[in-house]
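If you want the building blocks of each chain, they are given just below.
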Amino acid sequence: MNGCDECSLEGKILYIEPSDITYSDGSVCTTPKEPTLPEYARSWNVGNPSTSGDWTKYNPWRSPGYAPVADSCGVASGYDGKDGDWDLPAGYVYGDKGSDLARVSTVNTEWKAGGTAEASYAIWASHGGGIQYRLCPASSELN
């Protein structure tokens, strides 16, 4: 959640509120950040016509750069797995860090700083989510 101290890995909550985020010590997030993403950049529930109002308000894609990250290379399933058994890659357990994966020696993609790259994604079920892409030099620390 934007503005909170740590990533709770509770990313499958659809209508998230600050009280939904419980840290490992049992405390809850008390510092949520209001959205910074301009209205024109939204692609879902634009203008908040939903009967649930602005239900993506505290999700990470609404304030880019303000949400804590569990791992810079992602985590298996993206959440802790305690509320269901979905989205888990074969051979992994919930929360496995992408930064702990072995490097693939047969792939050597080079990116030009300041260049343009084509990227794409597919949606299985649209729940108002957001997409993030991150690139960093292979020599940098994965954090």
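This text goes with the structure placed above it.
Residues numbered from 1 in each chain as written. Predicted model: local features only at pLDDT ≥ 70, side-chain atom pairs only at ≥ 80, totals over all residues. Heavy atoms only, no water.

Visitor: Lay out the overall build of the protein chain with the relevant residues and their values.
Guide: Across its full length, the protein chain holds zero helices and zero strands. A total of 143 residues make up the protein chain; the buried ones form 20% of that total. Sequence-distant contacts, at least 24 apart, represent 55% of the contacts inside the protein chain between residues at least 6 apart. Accessible area for the protein chain stands at about 10,200 Å²; split by element, carbon and sulfur atoms hold 52% of it. (Helix = DSSP H or I, 4+ residues; strand = E, 2+ residues; numbered from the N terminus. Buried < 20%, exposed > 50% of the residue type's maximum accessible area, 1.4 Å probe, protein only. Contact = heavy atoms within 4.5 Å. Areas by Shrake-Rupley, 256 points an atom, 1.4 Å probe, with all protein chains shown as cover.)

Visitor: Requested: an account of the nonpolar core, with residues and values cited.
Guide: Core analysis: the largest hydrophobic core is formed by seven residues, namely Met1, Cys4, Ile16, Ile21, Tyr23, Cys29 and Tyr58. Setting aside residues up to four positions removed in sequence, Met1 forms contacts with Ile16, Glu17, Pro18, Ile21, Cys29, Pro32, Tyr58, Ala67 and Pro68. (Core = buried A, V, L, I, M, F, W, Y, C linked by side-chain atoms within 4.5 Å.)

Visitor: Explain the environment of Asp96 to me, using residue names and the numbers behind them.
Guide: Residue Asp96 is classed as partly exposed on the basis of its relative accessible area of 28%. The sequence separation of Asp96 and Ser77 amounts to 19 residues, and the corresponding C-alpha distance is 8.6 Å. Leaving out residues up to four positions away in the same chain, Asp96 has contacts with Gly74, Val75 and Ala76.

Visitor: Before we move on, could you go through the pattern of salt bridges and cite the residues and values that matter?
Guide: Two side chains of opposite charge can pair, provided their charged atoms sit close to one another. Counted under the stated rule, the structure contains four salt bridges. Asp54 is the partner of Arg62 in a salt bridge, and the nearest nitrogen-oxygen pair spans 2.7 Å. With a relative accessible area of 23%, Asp54 lands in the partly exposed category. (Salt bridge = Lys/Arg side-chain N within 4 Å of Asp/Glu carboxyl O.)

Visitor: Can you explain the side chain of Asn45? Please cite residues and give values.
Guide: What makes Asn45 buried here is its relative accessible area of 11%. In terms of polar contacts, Asn45 uses its side chain to reach the backbone amide nitrogen of Ser50, at 3.0 Å. Aside from chain neighbours lying at most four places away, what touches Asn45 is Ser50, Gly53, Asp54 and Trp55. (Polar contact = N/O pair within 3.5 Å; in protein donor to acceptor, adjacent residues only side chain to side chain.)

Visitor: Can you tell me about unusual backbone geometry, naming the residues and giving the values?
Guide: Positive phi, normally seen in glycine, also occurs at Asn45, with a value near 55°. Despite not being glycine, Asn48 shows a phi value in the positive range, around 60°. Overall, the relative accessible area of 28% leaves Asn48 in the partly exposed class.

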